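Below, each chain spelled out in residue letters.
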Amino acid sequence: MLCDRMDAVLDRWMDGELSRSELDALEAHAQTCEACANKLRAARQLKAMLTELAPEVEVPIQAQAQWRRAIRDEAKGAHRR
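Residues numbered from 1 in each chain as written. Predicted model: local features only at pLDDT ≥ 70, side-chain atom pairs only at ≥ 80, totals over all residues. Heavy atoms only, no water.

Asks: Just give me the short version of the side chain of Arg-68, but keep the residues and values in it.
Replies: As for its placement among the helices and strands, Arg-68 is situated in helix 4 (residues 61–80). There is a polar contact of 3.4 Å between the side chain of Arg-68 and the side chain of Asp-11. Setting aside residues up to four positions removed in sequence, Arg-68 forms contacts with Asp-11, Met-14 and Asp-15. (Helix = DSSP H or I, 4+ residues; strand = E, 2+ residues; numbered from the N terminus. Polar contact = N/O pair within 3.5 Å; in protein donor to acceptor, adjacent residues only side chain to side chain. Contact = heavy atoms within 4.5 Å.)

Structure below.
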């Protein structure tokens, strides 16, 4: 898996939409790429925090989209360095 593919797959991972093989590829790539490992770690932390919210608290879709955009923008900056 390449870093640019990781960004697209990470969104689907957040939504629980990855197949076992896609999940294995994501984790294998994160083991070899520090930047992507950091993104996956941040996504895991966010997902854990979201599961701790009270059930009646909904994260607005705009906030989710902004977070994903920020992760993609950060990744683009890391690849340029």
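Let's pick the thread back up.
Asks: Now, about the nonpolar core: what can you tell me, with residues and values included?
Replies: With 17 residues, the main nonpolar core has Met-6, Leu-10, Trp-13, Leu-18, Leu-26 and Leu-40 as its most contacted residues. Within the residue set of this core, elements represented by two or more residues are helix 1 (3–14), helix 2 (20–32) and helix 3 (34–51). Looking at which element gives the most residues to this core, the answer is helix 1, with six residues. Filtering out sequence-adjacent residues up to four positions away, Trp-13 remains in contact with Leu-18, Leu-23, Leu-26, Leu-40, Ala-43, Arg-44 and Lys-47. (Core = buried A, V, L, I, M, F, W, Y, C linked by side-chain atoms within 4.5 Å. Buried < 20%, exposed > 50% of the residue type's maximum accessible area, 1.4 Å probe, protein only.)

Asks: Quick rundown of the packing of helix 1 against helix 2? Include the residues and the values.
Replies: One can describe the packing of helix 1 onto helix 2 by two numbers: an axis separation of 11 Å at closest approach and a directional angle of 130°. The orientation of helix 1 relative to helix 2 falls into the category oblique. Between helix 1 and helix 2 lies a crossing of left-handed hand. Judged by residue contacts, Cys-3, Arg-5, Met-6, Val-9, Leu-10, Arg-12 and Trp-13 of helix 1 engage Glu-22, Leu-23, Leu-26, His-29 and Ala-30 from helix 2. A per-class count over the contact of helix 1 with helix 2 returns eight nonpolar, one polar and three charged. (Axes fitted to C-alpha atoms, helices over the stretch in contact; angles between N-to-C directions. Parallel < 35°, antiparallel > 145°, perpendicular 65-115°, else oblique. Left-handed = near helix turned anticlockwise from the far one by under 90°. Nonpolar A, V, L, I, M, F, W, Y, C, P; charged D, E, K, R; others polar.)

Asks: How would you sum up the confidence of the model for the chain? Please name residues and give values.
Replies: This prediction gives the chain a mean pLDDT of 84; 94% of its residues lie at or above 70. Here helix 4 stands out as the least confident element of the chain, with mean pLDDT 80; helix 2 is the most confident, with 92. (pLDDT = per-residue confidence, 0-100.)

Asks: Could you give an account of the environment of His-29, naming the residues involved and the relevant values?
Replies: Along the polypeptide, His-29 turns up in helix 2. Judged by relative accessible area, which is 9%, His-29 ranks as buried. Remark: the alpha-carbon pair of His-29 and Met-6, spanning 23 residues in sequence, is separated by 8.1 Å.

Asks: Please provide a residue-by-residue account of the state of the cysteines, values included.
Replies: Put plainly, a disulfide is one covalent bond tying together the sulfur atoms of two cysteines. Throughout the structure, instances matching the rule amount to zero disulfides. Summary of cysteine pairing: Cys-3 is not part of a disulfide, and the nearest cysteine sulfur, belonging to Cys-33, is at 3.6 Å. For Cys-33, a relative accessible area of 14% puts it in the buried group. (Disulfide = S-S within 2.5 Å.)

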